[in-house]
Every structure is written in C-alpha cells, then in structure tokens.
Amino acid sequence: MTATQGNQAPIVIIGSGLSGYSLARELRKRDRDLPLMMITADDGASYSKPMLSTGFTKAKTADELAQAEAGAMAEQLNMELRTHTRVTGIDPEAHEVLIGDERLAYGKLVLAWGADVIRLPEAVSGCDRVCSINDLEDYRHFRTLVEGHRRVILLGAGLIGCEYANDLRNGGYEVTVVAPSTQVMPGLLPEPAADAVRQALEAEGVRFHLGVAAESVSEENGQARVQLSDGAMLQGDVVVSAVGLRPRTELAAAGGLKVGHGIRTDRWLATSAPDIYALGDCAEVEGHVLMYVMPLMAGARALAATLTGEPTPVKWGAMPVMVKTPCCPTAVCPPAQSSDGHWDVQREGNSVKALYRDARGGLLGFAVTGDHVIEKQALSKEVPPVLAPAPEVAG
Ligand SMILES: Cc1cc2nc3c(=O)[nH]c(=O)nc-3n(C[C@H](O)[C@H](O)[C@H](O)COP(=O)(O)OP(=O)(O)OC[C@H]3O[C@@H](n4cnc5c(N)ncnc54)[C@H](O)[C@@H]3O)c2cc1C
C-alpha cells in the first residue's frame, strides 16, 4: 500500500538521515501497513553519517559509504519516498506541508531535518576552495576537490575537526588545523584530555594554529591562501570549514512552533504544535540538544511506539561519545551544563582519566583517553542519566 492509499493521511517524515530512517524502521517493526511517506531534500541514499570522518582511514568513497539507494529503501520500508524535494514550510493548522506551491496533507508530521553547518563570514566561506562536510553530497564534493592534492587546512578544532584531521593524515594528506580556541574540543573535553589528543595528532604530523582565527581565504594559482588573525598566511589546496552545526529551526519557527537552540519538544518528542514531532539533530528535548546517534536511536524507538498508539517518553541514560581519533582513542560523557563540580585528573602520557565529581564525590561526567578508554562502560554506569524516566506518562 502506498502512503496515500486509503483515506488516512500518512505519517510524513521530513529527512532521510539516520533519524528519518531509524524512525521508519522502528515504525515498520510495529506496523507493516501504516501509511508512511518520507520527503527529503537529498537523493535519499541511506548512509551512516559518522562514517564521513573515517572515509580515508577505511578507504571508502562517497558511493561506497552509501548503504542503499532511495528506491531500495522505499521498497524495504513500504513507504512513499520523495527525493530531491525540499519542504519550504509547514501549516500546522491545516495539517499540511508546503513544497513550493504544493500542499501535502499529513496525519502526523515528524521533523527529522537535521542541522546546518555554521557558515563563516563570506570573506572565508566565499572562496571556491573552501567546503564543509555535513552529508554524503558534501563528502563527494570534498573528495573531488582534494583529488590529486596534498594540503588540507581545517578550520575548527572541535570533535569533527579533530576526527577529520586524524582521518586525512591516515589518508596521507598534510593537515593544518586553525581554531580560535586555545585547546582542541573546547566545551567537550577538560584541558588535559584535549592536550593529550592534540599531542597525539601532532605526533601524527598534524600542525595546529590555535588561538587564531581565519580572517579570509582567497584563491591564487589554484591554491588557497588563508589569512590568519595573527598576521600569518597559510597556503593549502583545500580548506575544510568544520566550525560547528546548528539545528535547523527556521521553517519550524515560521510555522509558529516554539524553538530555542533546536525545535522544542517534550519527552514524547511532541513539539508545541499538535501532531508535529521533532527527532534527531534538529530537536531540543526538554532543553537538551544532543547531536549524536545514540540519542536519536532511543528517540526513534520511543516515537515509533507513541505514533502507533503507545505513548512512550524518551529515556536517555548516560551516553558516552567516542571521538574517532585512533591516534588517541577518546571517550567523553560531558557533565550537564548546570552541574556544579570539579575535575579530578590523572595523566600518564596520552592516557588521561578525568572525572567530574560533585562536592559529595558523586560522578557527574568523565573524559578518558588512551589506555583509560576501556573504562568507559564502567564509568557510564555511575553517571546520572541525561533524562531520567518521566514521573508520569502523558497521553
Ligand atoms: C563528520 C561527522 C561525524 C560524526 N560522528 C559521529 C559519531 O561518531 N558518533 C555519533 O554519535 N554521532 C556522530 N555524528 C553526529 C551524527 O552523525 C548525527 O547526530 C546524525 O547523523 C544526525 O542525523 P539526522 O537524521 O538528525 O540529520 P541529518 O543526517 O542531517 O539528516 C537530515 C535530513 O533532512 C533533509 N532535509 C533538510 N532540510 C530539509 C527540507 N527543508 N526538506 C526536506 N528535507 C530536508 C536532509 O536532506 C537530510 O536527509 C557525526 C556527524 C558528522 C557530521
């Protein structure tokens, strides 16, 4: 049965990333015939986004990272899938999605449209040799740009910047990282753990310019020239901007939904508009924006239950994040922003065990690198959940 067969307006999922497909799979485990439609701006290929930052280490091209094409996914999930179709608005009152002039009715709507890359000012991002990598299409473009070249300049020393640095070194590229922060992964790792990762990357040959910003990028004779705020000039072949992601909220806000840093939802992933839910990188669940795979998988399971008549709140335990820097394996479970505590740090070379404890000694978060990474599971059990079970079940 296709999505529009019968009289029932379908569940419409916007986005074919890990969130959209995880939800579709979870729904199909519960109901083979529920009318289901997915709309996506891209080609609908199913892929695992975390693999984008291990492409050179694992020697995978963009085509090899795609696990299944849209047609195969639509058939497997018994749903209508509209690819290369950008949703341009939502009309919660009419229960319709807008695609240009077209209006499409939904029974329930799930916004799983992810996050946008933060774009640096035009003086930096306007140059053709600058790119960012946030989906398979971007990755394909990057692989084309870098083909036959050796020097990559990475702007940003966050988790993704560090992962790309390690991956590109493994692929044989000369890598220079530029970031205004004075440590790598600021806000995610305490300084000693960040220091261990940076030193390990340096030992692999990655060069760092920390505490400086890229002011402009220009192209001369096929090369990128990056002007830094300290007066230095770097030359490279390709510049990758990896300065962060921001949940896509504009269309939701324009449709009258409440947004904060992401699209605001309760624990049932329900937005402020009836029958509209948000999942994955675009969602802010009770104040938490967690742009990682584990939270969206747990969200997809709970939401599939809710949408098939069994209201189920999301439960998020402690969810450690593995940083894919094989030169210095790292796992981190950041303490909640509001938590009050202090870091206890042990360090030997690149092996760091940093424990964030409250005044009574309770563990609120941790970061482990090198030999201490194996302790990640045990430590996670001691850390309080991100979202404890809900006190009562809503309808
Ligand atoms: C390089 C990299 C490495 C990562 N590594 C890890 C890791 O190791 N572990 C981890 O837990 N997390 C990792 N993450 C984060 C993780 O990959 C994301 O949290 C997750 O993939 C987000 O999935 P999503 O479906 O919510 O969003 P997306 O994958 O961004 O999907 C959004 C979808 O919405 C579609 N869309 C957007 N706007 C519209 C519109 N207006 N109309 C129609 N369709 C639209 C897009 O085409 C796309 O199909 C990594 C992220 C990156 C970028």
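Quick summary incoming for the structure in this document. Remember, it's a predicted structure, so these values are computed and weren't measured experimentally. (Residues numbered from 1 in each chain as written. Predicted model: local features only at pLDDT ≥ 70, side-chain atom pairs only at ≥ 80, totals over all residues. Heavy atoms only, no water.)

Focus on the sheet that holds strand β5 (residues 96-99)
- In space, the 3 strands of this open sheet follow the order β4-β5-β6, with antiparallel pairing throughout. Edge positions in the open sheet fall to β4 (89-91) and β6 (102-105), since each of these has one partner strand only. Between one strand axis and the next, the sheet turns through 25° on average, direction left out of account.
- Looking at chain direction, β4 and β5 are connected through 3 bridges and run antiparallel. When the sheet's bridge partners are listed, I90 is paired in β5 with V97. (Pairing = 2+ DSSP bridges. Helix = DSSP H or I, 4+ residues; strand = E, 2+ residues; numbered from the N terminus. Axes fitted to C-alpha atoms, helices over the stretch in contact; angles between N-to-C directions.)

Quick notes on the pattern of salt bridges
- Counted by the stated rule, this structure contains 23 salt bridges.
- The shortest N-O distance in the salt bridge between R198 and E202 comes to 3.0 Å. Linking R198 with E202, this pair stays in helix α7 (residues 191-203), spanning 4 residues, or about one helical turn.
- Between E220 and R225 there is a salt bridge whose closest N-O contact spans 3.5 Å.
- Three or more residues joined by partner-sharing salt bridges are found here, namely D195, R198, E202 and R347. (Salt bridge = Lys/Arg side-chain N within 4 Å of Asp/Glu carboxyl O.)

Brief notes about the site of the ligand
- Neighbouring the ligand are 32 residues; S19, D42, D281, V293 and K324 lie closest to it.
- A41 places a polar main-chain atom, nitrogen or oxygen, 3.0 Å from a nitrogen atom of the ligand.
- Within the backbone of V87, a nitrogen or oxygen atom sits 2.9 Å from a nitrogen atom of the ligand.
- Summarising the interface, the protein chains cover 92% of the accessible area of the ligand, which totals 1000 Å² for the free molecule.
- Sorting the residues of the shell around the ligand by element identifies α1 (18-30), α6 (159-170) and α9 (293-307) as the ones contributing at least two each.
- By residue class, the composition of the shell around the ligand is 15 nonpolar, 10 polar and 7 charged.
- Each of domain 1 (11-116 + 246-307) and domain 2 (119-243) gives at least three residues to the shell around the ligand. (Near = heavy atom within 4 Å. Polar contact = N/O pair within 3.5 Å; in protein donor to acceptor, adjacent residues only side chain to side chain. Areas by Shrake-Rupley, 256 points an atom, 1.4 Å probe, with all protein chains shown as cover. Nonpolar A, V, L, I, M, F, W, Y, C, P; charged D, E, K, R; others polar. Domains from an automatic or database assignment.)

A few points about the environment of G187
- Within the secondary structure layout, G187 lies in the loop between β11 (174-179) and α7.
- Along the backbone, G187 and L111 are 76 residues apart, and their C-alpha atoms lie at a distance of 28 Å.

Describing helix α5 (residues 136-146)
- Those residues of α5 that fall on the buried side of the exposure criterion are L136, Y139, F142, R143, L145 and V146.
- Next to the buried residues of α5 lie α2 (62-65), β9 (130-131), β10 (151-155), α6 and β16 (238-241).
- By the N-cap criterion, in which a side-chain oxygen at the helix start approaches the backbone nitrogen of a residue two or three places on, α5 is capped by D135, the distance to E137 being 3.1 Å. (Buried < 20%, exposed > 50% of the residue type's maximum accessible area, 1.4 Å probe, protein only. Contact = heavy atoms within 4.5 Å.)

Structural notes on unusual backbone geometry
- Phi is positive for M185, which is not a glycine, with a value near 45°.
- Tracing the backbone through its elements, the reader meets M185 in the loop between β11 and α7.
- Residues other than glycine seldom take positive phi values, yet D275 does so here, at roughly 65°.
- Mapped onto the fold, D275 is located in the loop between β18 (263-265) and β19 (276-278).
- Classification of D275 as partly exposed rests on a relative accessible area of 24%.

Thoughts on empty space enclosed by the protein
- Counting across every chain of the model gives 1 cavity of 30 Å³ or more.
- Size it by volume and the largest cavity reaches roughly 80 Å³.
- Every residue along the wall of the largest cavity is listed here: L269, L279, G280, A283, V285, H288, L290, Y292, P295, L296, G299 and W316.
- Contributions of two or more residues to the lining of the largest cavity are made by β20 (283-285) and α9.
- Top element by residues in the lining of the largest cavity is α9. It accounts for 3 residues.
- Among the residues making up the lining of the largest cavity, the classes are represented as 9 nonpolar, 3 polar and no charged. (1 Å grid on protein atoms, 1.4 Å probe; cavity = no way out; pocket = protein on both sides within 12 Å on 5 of 7 lines; lining within 4 Å. Points joined across faces, edges and corners; volume = space filled by probe spheres on them.)

With respect to the packing of aromatic side chains
- Taken as a whole, this structure holds 3 aromatic pairs when the rule is applied.
- A centroid spacing of 6.3 Å and a plane angle of 90° characterise the contact between F56 and F142, whose relative ring orientation is edge-to-face. Here F56 is found in the loop between β2 (36-39) and α2, whereas its partner F142 is found in helix α5, with 86 residues between them in sequence. The residues F56 and F142 share a single accessibility class, namely buried.
- Taken together, F56, F142 and Y173 form an aromatic cluster joined through their ring pairs.
- Between the NZ or CZ atom of R143 and the centre of the ring of F56, over which it lies, the distance is 4.1 Å. (Phe/Tyr/Trp six-rings, centres within 6.5 Å; stacked < 30°, edge-to-face > 60°. Lys NZ or Arg CZ within 6 Å of the ring centre and 35° of its normal.)

Digging into the pairing of β10
- The buried fraction of β10 amounts to 4 of the 5 residues, a majority that puts the element mostly inside the structure.
- For β10 and β11, the ladder comprises 5 bridges, and the chain directions are parallel. Note that in β11 the partner of I153 across the bridge is T176.
- Considered for its hand, the β-α-β crossover made up of β10, α6 and β11 is right-handed.
- Looking at chain direction, β10 and β16 are connected through 4 bridges and run parallel. Bridge pairing in β16 places I153 opposite V239. (Right-handed = clockwise from strand over helix to strand, strands pointing away.)

Notes on the sheet that holds strand β14 (residues 223-228)
- With antiparallel pairing, 3 strands are arranged side by side in an open sheet as β13-β14-β15. Each edge of the open sheet is held by one strand with a lone partner, namely β13 (214-220) and β15 (233-236). Taking each pair of neighbouring strands and ignoring which way they run, the sheet shows an average axis angle of 20°.
- Sheet topology note: the β13/β14 ladder contains 6 bridges and is antiparallel. Its bridge partner being in β14, S218 is matched across the sheet by R225.

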